[in-house]
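Residues per chain, in single letters:
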Amino acid sequence: MEFLAPLLFIAGILGLNGFKIDREYQRGVIFRLGRYQDTKGPGLYWIIPLVDQKMQLDIRTKTVDIAPQETVTADNVTIKVNAVLYYRIIDPSKAINKVESYPAAVYQAAMTTLRNVVGQNHLDDVLQKRDKINQAVQQIVDEISEPWGIDIERVEMKDVEIPTGMQRAMAKEAEALREKRARLIKAAAEQEASLKLAEASQLIMENPAALELRRLQMLTEIGAENNTSTVIMLPSDILNLAQKLTEKTSQNGSIVNSPKV
């Protein structure tokens, strides 16, 4: 009887020690005598003291910052890319039993896959089609980590470092493309303007008074500006009449001065 009380006290301590509590985002992987028994949580549960062992896992989404990786693109340009990876544990028992260290395994798989996928694309695709590369990396890493009970939620490339010489070449190319676009736009505008001018000339030929109205409008536009220039515009009919008179006078003079035979 003397030993019963201490034994009951020890049994009570061990029994209370068997109660475990996991938060909503935690799970407990239970091993009984070294063998996987069950995954418990969240909330309060009880395990057999000294027989069961518990390993606690956090099943919230984790963020992995992939360090800049130097790789060569398909068009032989050396660049550095870095990315961020989001993943979470969907099967805690596999994350413990199938891989020694799932954070390191996921990081290494993502780093290698990112380098390989970028190396299979041209530099223009890496810069312009990041969503496509992100999806390819996510799919491959998800296939690798699926046996570990890990789901890859998202992969995003953050930055692409390009050599200085390549940056200058790309700047020259962009400048040339913009100049080409500007010249094409200007040529198209001149072509459209020439068509409008041709239509206007046809209308003026049908109604010559329209030309005089246009001259008056030009005088109004010139007078609206603050300047000291004075412009006198003569109607074209007067100019044509003066030209005809000059031609007739020159013809008469040539007839009068011609020698008699």
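Before reading on, note that the structure itself is shown above.
These figures come from a predicted structure and were not determined experimentally. (Residues numbered from 1 in each chain as written. Predicted model: local features only at pLDDT ≥ 70, side-chain atom pairs only at ≥ 80, totals over all residues. Heavy atoms only, no water.)

Q: Residue-level account of the overall build of the protein, with values.
A: Counting secondary structure elements, the protein contains eight helices and eight strands. A total of 261 residues make up the protein; the buried ones form 24% of that total. Of the contacts formed within the protein by residues at least 6 apart in sequence, a portion of 62% connects residues at least 24 apart. Taken as a whole, the protein presents about 18800 Å² of accessible surface, with 56% of it coming from carbon and sulfur. (Helix = DSSP H or I, 4+ residues; strand = E, 2+ residues; numbered from the N terminus. Buried < 20%, exposed > 50% of the residue type's maximum accessible area, 1.4 Å probe, protein only. Contact = heavy atoms within 4.5 Å. Areas by Shrake-Rupley, 256 points an atom, 1.4 Å probe, with all protein chains shown as cover.)

Q: Tell me about the sheet that holds strand 6 (residues 62-72), and name the residues and values.
A: Taken together, the three strands give an open sheet; going across it, the order is 6-7-8, and neighbouring strands pair in antiparallel fashion. Every other strand in the sheet has two partners, leaving strand 6 and strand 8 (150-161) as the edge strands with one partner each. Across the sheet, the mean angle from the axis of one strand to that of its neighbour is 25°, orientation sign disregarded. Pairing of strand 7 (residues 78-89) with strand 8, which is carried by ten bridges, proceeds in the antiparallel orientation. When the sheet's bridge partners are listed, valine 84 is paired in strand 8 with glutamate 156. (Pairing = 2+ DSSP bridges. Axes fitted to C-alpha atoms, helices over the stretch in contact; angles between N-to-C directions.)

Q: Hey, could you go over the sheet that holds strand 5 (residues 52-58) for me, with residue numbers and the actual values?
A: Taken in spatial order, the three strands of this open sheet run 3-2-5, and their pairing is antiparallel. Here the strands that pair on one side only, and so sit at the sheet edges, are strand 3 (35-40) and strand 5. Recorded for the sheet is a direction-independent mean angle of 25° between the axes of neighbouring strands.

Q: Explain the side chain of serine 145 to me, and be specific about the residues and the numbers.
A: Relative to the assigned elements, serine 145 resides in helix 5 (residues 130-145). What makes serine 145 buried here is its relative accessible area of 1%. Polar contacts involving the side chain of serine 145 include one to the main-chain carbonyl oxygen of isoleucine 150, which spans 3.3 Å. Ignoring anything within four residues of it in the chain, the contact list for serine 145 reads Ile150 and Ile152. (Polar contact = N/O pair within 3.5 Å; in protein donor to acceptor, adjacent residues only side chain to side chain.)

Q: Help me get a handle on a nonpolar patch on the surface, residues and values and all.
A: There is a patch of nonpolar side chains on the surface, built from Phe9, Ile10, Ile13, Leu14 and Leu50 and spanning about 530 Å² of accessible area. Here isoleucine 13 shows up in helix 1 (residues 4-17). Given the relative accessible area of 45%, isoleucine 13 is considered partly exposed. (Patch = residues over 30% accessible without salt bridge, like charges linked within 9 Å, V, L, I, M, F, W, Y side chains within 5 Å. Salt bridge = Lys/Arg side-chain N within 4 Å of Asp/Glu carboxyl O.)

Q: Which residues make up the environment of aspartate 125, and what are the values?
A: Relative to the helices and strands, aspartate 125 resides in helix 4 (residues 123-128). Each residue touching aspartate 125, except ones within four places of it in the same chain, is listed here: Arg130 and Ile133.

Q: Can you break down unusual backbone geometry residue by residue, with the values?
A: Cis geometry marks the peptide bond from glycine 41 to proline 42, where omega comes out at 0°. At leucine 33, a position not held by glycine, the phi torsion is positive, near 55°. Residue placement: leucine 33 occurs in the loop between strand 2 (26-32) and strand 3. Note on leucine 33: relative accessible area 69%, which makes it exposed.

Q: Can you break down the pattern of salt bridges residue by residue, with the values?
A: Under the defined criterion, the tally for this structure stands at nine salt bridges. The salt bridge partner of aspartate 125 is lysine 129, with a shortest N-O separation of 3.8 Å. When its relative accessible area of 41% is taken as the criterion, lysine 129 is described as partly exposed. Two residues, glutamate 156 and arginine 154, come together in a salt bridge whose shortest N-O distance is 2.7 Å. Judged by its relative accessible area of 21%, glutamate 156 falls in the partly exposed class. Under the relative-accessibility criterion, arginine 154 is labelled partly exposed at 46%.

Q: So what about helix 5? Which residues, and what values?
A: For an α-helix the count is 3.6 residues per turn, leaving residues at separations of three or four pointing the same way. Here helix 5 spans 22 Å end to end across 16 residues, near enough to the 22 Å set by a 1.5 Å rise per residue. Residues of helix 5 that are buried: Ile133, Asn134, Val137, Val141 and Ser145. The arc that holds the buried residues of helix 5, viewed along the axis, is 100°, so those residues lie on one side. Helix 5 presents Asp131, Lys132, Gln135, Gln139 and Glu143 as exposed residues on the side facing more than 90 degrees away from its buried surface. Considering only its buried residues, helix 5 is in contact with helix 3 (102-119), helix 4 and strand 8. (Expected span 1.5 Å × (residues − 1). Arc of directions from axis to C-beta.)

Q: Please set out the side chain of serine 93 residue by residue, giving values where relevant.
A: Here serine 93 shows up in helix 2 (residues 92-97). The contact partners of serine 93, leaving out residues within four places of it in the chain, are Val29, Tyr36 and Thr39.

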